[in-house]
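Each chain, letter by letter, is given below.
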Amino acid sequence: EGDQFTNSGLSTEVVEIILNSRAPSTRKLYAFKWKFFISWCKERQLDPVNCPVASVLEFLQNRLSDGLSPSTLKVYVAVISAFHAPLRVGTLGTHPLIIRFLRGARRMRPAIQPRVPTWDLAVVLEGLSLAPFEPLDKVSEKFLSFKVAFLLAIASLKRVGALQALTVAPSCLEFAPGRVRAILHPRPGYVTKVPTNIARSIILQAFHPPPHVSADQAKLHLLCPVWALEAYVHRTSGWRKSDQLFVYFGLSKKGSLVSKQTISKWIVEAISSAYEVRNLPSPLLIKAHSTRGVASSRALLAGVSLQEVCDAAGWASPHTFIKHYSLDLPSTPGSQVLMS
């Protein structure tokens, strides 16, 4: 792709900035999928950079027959279009046949949005208030990482990418006196998944801080995201090697910044481990992204306005929530603890 830009007359400096418009994780994904397309072309003695549109359509059909979703095919089109030689008119991604193929694939295999979550928030919150997630001053670094990642995801409604953008730098992390509130600003230069959206700060309110007047308050306080976050920052301060909030706890990379995939894994592990604590079988097909739907739906059920939910999650329109994230949740008191 860089060679194509250079051949078009752009300077090396300009090309470098253009190539960095994609996040490192996106560039890694593009490289992986482009390598797969190259392999497919070599088997058929095709030039991946100059192959005809018909060959790209056959590749997409092959991937669709293998069970890939239309949304994944759309990513392949973006990748191939980025590296493919320009067409006489437009790009590969804007070719009428490519557009019609993707539209036809979506009609034949429409995405099915699940309306019932695969895991119960009340069960997870109960598990997180028990060992091995408590007490915070004695919990292992592994389970502390799992707990904090989950609590921040569920309390902020943010994507994993936004959680990865958090930092412990003094200019980006503030604790109010008495730890009654925490404000987390994304690192400078962070760009949201949707570039037109504003990268909003996360404001966490502590609930039921000590002194407690009842055992119930003391138990609910075990799920306070502000106190869990403060414990995590304090615990990792002695060995962290990066200002990024979440860092590895394992020996080989201890203290180094973690990827979005690792944070996602931690959230999934928190859910699975909480179920195990309750002696319940771990749910199947857990996805870290599901916290957005569960938390936003629970917030709405607890009385938070739809506009406030959309603002916190970064959705420009309520239509996004209604179409992609709204879930049918039972009204269980324990599930509302972080949203009330």
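Just above, that's the structure.
Summary of the structure given here. Here the residue numbering is sequential within each chain, running from 1 through the sequence in written order. Given that this is a predicted model, residues contribute local features only at a pLDDT of at least 70 and side-chain atom pairs are listed and counted only at 80 or more, while totals for whole chains, interfaces and linings are drawn from all residues. The basis for every side-chain value is the complete set of heavy atoms in the structure, and neither hydrogens nor water enter the calculation.

## A word on the pairing of strand β2 (residues 181–184)
For step 1, the next point in the chain: Of the two faces of β2, only one is covered, namely that formed by A182 and L184; the face formed by R181 and I183 stays uncovered.
For step 2, the next point in the chain: Only when DSSP finds a minimum of two bridges between them are two strands counted as paired. Under the DSSP-based scheme used, a helix requires at least four consecutive residues in state H or I and a strand at least two consecutive residues in state E, with every element numbered from the N terminus. Bridge count for strand β1 (residues 173–175) against β2 is three bridges, and the pairing is antiparallel. Bridging from a neighbouring strand, L173 pairs with L184 of β2.
For step 3, the next point in the chain: The antiparallel pairing of β1 with β2 creates a hairpin that spans five residues between the two strands, and G178 there sits at a positive phi of about 80°.
For step 4, the next point in the chain: Sheet analysis places β2 next to strand β3 (residues 202–205), joined by four bridges and oriented antiparallel. Among the inter-strand pairings, I183 is bridged to a residue of β3, identified as I203. For every residue, the accessible area (1.4 Å probe, protein chains only) is compared with the maximum for its type, and the residue is labelled buried under 20%, exposed over 50%, or partly exposed between those bounds.

## Re the pattern of salt bridges
For step 1, the next point in the chain: Salt bridges are defined by distance alone: a side-chain nitrogen of Lys or Arg within 4 Å of a carboxyl oxygen of Asp or Glu. One pass over the structure, following the stated rule, counts seven salt bridges.
For step 2, the next point in the chain: Two residues, E126 and K219, come together in a salt bridge whose shortest N-O distance is 3.1 Å. With E126 in helix α7 (residues 121–128) and K219 in helix α10 (residues 215–221), the pair connects residues that are 93 residues apart, well separated along the chain.
For step 3, the next point in the chain: One salt bridge in this structure joins R179 and E230, with 3.0 Å as the shortest N-O distance. Of the two residues, R179 is situated in the loop between β1 and β2 and E230 in helix α11 (residues 225–236); the sequence distance between them amounts to 51 residues.
For step 4, the next point in the chain: Look at R179 and you get partly exposed, because its relative accessible area is 27%.

## Re the side chain of S145
For step 1, the next point in the chain: By the element assignment, S145 lies in helix α8 (residues 141–156).
For step 2, the next point in the chain: Two residues form a contact once any of their heavy atoms are found within 4.5 Å. Contact partners of S145, with chain neighbours within four places excluded, come to Y232, F249 and W266.

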